[in-house]
Amino acid sequence: MEQNILLKGIGASPGIAIGKALLVDHGRPDFSHYRLSDPQEIQQEIDYLHRAIEESIQQLMRAKKEVSKRKIKEAQYIIDTHILMLQDKVLIANAVKKIKNEKVDAAWALKATMQELKKNISSIDDEYMKERSSDLDYIEKRILRNLAGKKTDILSKPGEKIIIIAYDLSPADTANLNVEEVLGFVTECGGKTSHTAIMARALKLPSVVGLKDVSKQVKNGDMVIIDGIHGVIIVNPDPEMLLKYRQKKIHYEEFERKLLHYKDLTSETYDGFNIGLFANIEIVEEVSSVLDYGADGIGLFRTEFLYINKRELPTEEELYSIFKTVAQTIAPRPVTIRTLDIGGDKFMSHVDVAEEMNPVMGLRAIRFCLKELTIFKTQLRAILRAGAHGNIKILFPMISCVDEVVQIKKIIHEAKRELKREKKTFTPEMEIGIMIEVPSAATIADILAREVNFFSIGTNDLIQYLLAIDRVNEQVAYLYEPLHPAVLRLLKNIIDAAHDNGIRVAMCGEMAGDPTYIPILVGLGIDELSMNPIALLETKQVIRSLYYTKCKEMVEKLLSLPTAQAVRSSLKKHANSVSSKIYLDN
Ligand code: PEP
Ligand code: MG
């Protein structure tokens, strides 16, 4: 037997689990399709379809009851979405039409209908969108299994502690897992934002997703280690490897326990300099983890995902209801809603955008919104109305000049006038902020600071544009360097300009959630950091160990260094002197 087989996927939920593999086959049942000959058969197939859909709804209702008992909000939202999809009249009508017109059996008609829907979705080159098409897969499989009369709910009581290996797990499958017996799970499908990943984090089960062909490489009963932190699994570890991971597991759990202690502590440095810690979210289901990790609020709500996973543009009412829910759930903490950042690497299916040679430098984000005014205004109106139910701030992406801010303000003013005329409740005063993620905006930060209430630095794009490195091109990834002296100098310019003009400055790019850079950001005087909720507690731990005054002195020195390498090694050298404890282990 081959030992220590290392397989790499995507870490969906951190932690380490060690146990025996249980393979779950949850694929589509096979059907032999047939043509129908008489009206009686046609009616019978239509009845089968209705019955299978009804059964599927009942099963999901039961799964929902189960998760609400366990208070897993994320799963409730997702299962609700699946129930709504099952109740979709158009979907059912289309399948019924196929049975009648094409005289095919219910399973065939359902598959063909789903195929058309999925084809529409998959023609969009967007990772998130592809993951959302897994929702269609889940419900299709469920209906098909009910049509075939197969058992749909997995894993009654496996008896021993196990690691689930599956092609994919629907939220309802995941909700039915017996957390006492399941140590973690590994799936072939999914990415970091897939429902499986969200559920794994909610259940706090270590998991790795997107591990292609895993079901072919692992056998039932194989010993498996899941390392959800690094996104790897090890199949059939030898005793040495097993021991190493048992120790890692103990250390990680100890680390986690200690971190929880930080949840309700303030995020201030050892010498009393306070830094607000906020969460980045992309979908509503993530809101509860924002609270679980003790964030001061939501620093970045990326709204593009409300558009790109839909067949239709969201209406003002839909957006309003989502923003209102988030604002109410998080109140009195603030939520910063970023307006649509479409284009670049995120596209919508229903808006015709001409293909561009350089999409990241093209009609993206605010440029798109200032052209598509109806879409923009619909979103602004929804945000202004939701503002009456909590503490909402509004953030505009990819600003590159003052004119854009002037135009935005004019449109906000118009939107408010319209709402007033229509006697709709809205908040008349809402803080306006801009993303500083284009080098031109960073350079004229002093001028822009007079126009807005706050800045939020988007380092993902700022570094991309400043260093001329495509952030999704692996070939130049080695040049993507937050410690490049140009980046540090520009950050200083932005933060100083904001403070000289009396406004706060946040950072919401990936750089904000990486412990390595925190001493520099503290030394530069950043006011707020916004990141993936999972990174919040460790960041707070680091902040509480730092001396602000010493970080400030260190940054003065770092700013004069010629290369990123020099900055990195100087940063390491200073690690002990800026901190009350040793925290950098690399
Ligand atoms: C950024 O550019 O740093 C940012 C936070 O925005 P996004 O990653 O959504 O482009
Ligand atoms: Mg950006």
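See the structure printed just above.
Residue numbers here run from 1 along each chain, matching the order of that chain's written sequence. Written order decides the labels, with chains lettered from A and ligands numbered from 1. It should be noted that, the model being predicted, local features are given only for residues of pLDDT at least 70 and side-chain atom pairs only at 80 or more, the latter also being counted only at that level, while totals for whole chains, interfaces and linings use all residues. As a rule here, side-chain values come from all non-hydrogen atoms in the structure, and water together with hydrogens is ignored.

Draft legend 1. Region of the structure containing the overall build of the protein. Helix and strand content of the protein: 23 helices and 16 strands. The buried share of the protein, taken over its 586 residues, is 55%. For the protein, the exposed area adds up to about 26500 Å²; of that, 51% sits on carbon and sulfur atoms. Segments assigned H or I by DSSP are reported as helices when at least four residues long, segments assigned E as strands when at least two residues long, and all are numbered from the N terminus. Buried, partly exposed and exposed residues are distinguished by accessible area as a fraction of the type maximum, computed with a 1.4 Å probe on protein chains only: under 20%, between the cut-offs, and over 50%, respectively. Accessible surface is estimated by sampling points in the Shrake-Rupley manner with a 1.4 Å probe; for residues, cover comes only from the protein chains shown.

Draft legend 2. Fine view of unusual backbone geometry. Looking along the chain, the bond that leaves alanine 331 and enters proline 332 is cis, with omega of 5°. Turning to its location among the elements, proline 332 is positioned in the loop between helix 12 (316–330) and strand 11 (334–338). Look at methionine 398: it is not a glycine, yet its phi comes out positive at around 60°. Tracing the backbone through its elements, the reader meets methionine 398 in the loop between strand 12 (391–396) and helix 15 (402–421). At alanine 468, a residue that is not glycine, the phi angle is positive and equals roughly 55°. When you line up the elements, alanine 468 lands in the loop between helix 18 (459–467) and helix 19 (485–500).

Draft legend 3. Representation of the site of ligand 1. What surrounds ligand 1 is a group of 15 residues, the closest being Arg302, Arg338, Gly458, Asn460 and Arg471. Polar contact is the term for a pair of N or O atoms within 3.5 Å; when the atoms are in protein, one must be able to donate a hydrogen and the other to accept it, and sequence-neighboring residues count only if both atoms are side-chain atoms. In the model, an oxygen atom of ligand 1 is placed 2.8 Å from a nitrogen or oxygen of the arginine 338 side chain. For ligand 1, an oxygen atom lies 3.4 Å from a polar atom in the backbone of glycine 458. Of all the elements in the fold, those that place two or more residues in the shell around ligand 1 are strand 10 (298–302) and helix 18. Among the elements that take part in the shell around ligand 1, helix 18 stands out by supplying three residues, more than any other. Nearness here has a simple test: a residue counts as near a molecule or strand if at least one of its heavy atoms is within 4 Å of that partner.

Draft legend 4. Fine view of the sheet that holds strand 10. Two strands make a pair as long as DSSP finds a minimum of two bridges between them. Overall, parallel pairing links the eight strands, which are arranged 9-10-11-12-13-14-15-16 in a closed barrel. In this sheet, neighbouring strand axes are inclined to one another by 25° on average, regardless of whether the strands run parallel or antiparallel. As judged from the four bridges shared by strand 13 (residues 432–436) and strand 14 (residues 454–457), these two strands associate in the parallel manner. In the strand pairing of strand 14, isoleucine 436 is matched with isoleucine 457. The criterion used for residue contact is that any of the two residues' heavy atoms lie within 4.5 Å. The angle between two axes is taken between their N-to-C directions and runs from 0 to 180 degrees, where each axis is a line fitted to C-alpha atoms and a helix contributes only its stretch in contact. Helix-sheet contacts for helix 21 (residues 536–545) involve strand 9 (276–281) and strand 16 (528–531), and the interaxial angle to strand 9 is about 160°.

Draft legend 5. Local environment of the pattern of salt bridges. The salt bridge definition used is simple: a Lys or Arg side-chain nitrogen within 4 Å of an Asp or Glu carboxyl oxygen. Enumeration over the complete set of coordinates arrives at 25 salt bridges. Linking glutamate 422 and lysine 424 is a salt bridge whose minimum nitrogen-to-oxygen distance equals 3.2 Å. Given the relative accessible area of 39%, glutamate 422 is considered partly exposed. The class of lysine 424 is partly exposed, set by a relative accessible area of 30%. Measuring nitrogen to oxygen at the nearest pair gives 3.0 Å for the salt bridge that ties arginine 504 to glutamate 528. You can see arginine 504 sitting in strand 15 (residues 504–507) and its partner glutamate 528 sitting in strand 16, a full 24 residues away along the chain. Owing to a relative accessible area of 16%, glutamate 528 belongs among the buried residues under this scheme.

Draft legend 6. How the structure looks around the pairing of strand 12. The buried fraction of strand 12 is high, at five of six residues. Here strand 11 pairs with strand 12 via five bridges, running parallel. By the bridge assignment, valine 335 is partnered in strand 12 with isoleucine 392. Note: strand 12 against strand 13, three bridges, orientation parallel. Within the sheet, the bridge partner assigned to isoleucine 394 lies in strand 13 and is isoleucine 432.

Draft legend 7. Spotlight on the coordination of the magnesium ion (ligand 2). Taken together, Glu437 (OE) and Asp461 (OD) make up the protein donors of the magnesium ion (ligand 2), found 2.0 to 2.1 Å from the metal. With glutamate 437 in the loop between strand 13 and helix 16 (439–443) and aspartate 461 in helix 18, this pair connects stretches of sequence that are 24 residues apart. What makes glutamate 437 buried here is its relative accessible area of 2%. Only nitrogen, oxygen and sulfur atoms qualify as donors, provided they sit within 2.8 Å of the metal or within 3.2 Å for Na, K and Ca; with water excluded from the atoms, sites may seem incomplete.

Draft legend 8. Main features of helix 1 (residues 39–69). Here the expected span of a helix is defined as 1.5 Å times the quantity of residues minus one. Between its terminal C-alpha atoms helix 1 stretches 45 Å, which fits the 45 Å expected from 31 residues at 1.5 Å a residue. The complete set of buried residues in helix 1 reads Ile42, Glu45, Ile46, Leu49, Ala52, Ile53, Ser56, Ile57, Gln59, Leu60, Ala63 and Val67. Near the N-terminus of helix 1, the side chain that reaches the backbone nitrogen of glutamine 40, with its oxygen 3.0 Å away, is that of aspartate 38.

Draft legend 9. Representation of the nonpolar core in the model. Within the largest apolar cluster, 106 residues are counted, with the highest numbers of intra-cluster contacts made by Phe301, Phe323, Phe396, Phe455, Leu491 and Leu529. Top element by residues in this core is helix 19. It accounts for eight residues. Among all residues touching leucine 491, those that are not within four sequence positions of it are Ile457, Leu462, Met507, Met511, Leu521 and Leu524. Core analysis: the second largest hydrophobic core is formed by 45 residues, Ile79, Ile99, Leu110 and Leu117 among them. Grouping buried Ala, Val, Leu, Ile, Met, Phe, Trp, Tyr and Cys residues that are joined through side-chain atoms within 4.5 Å yields what is termed a nonpolar core.

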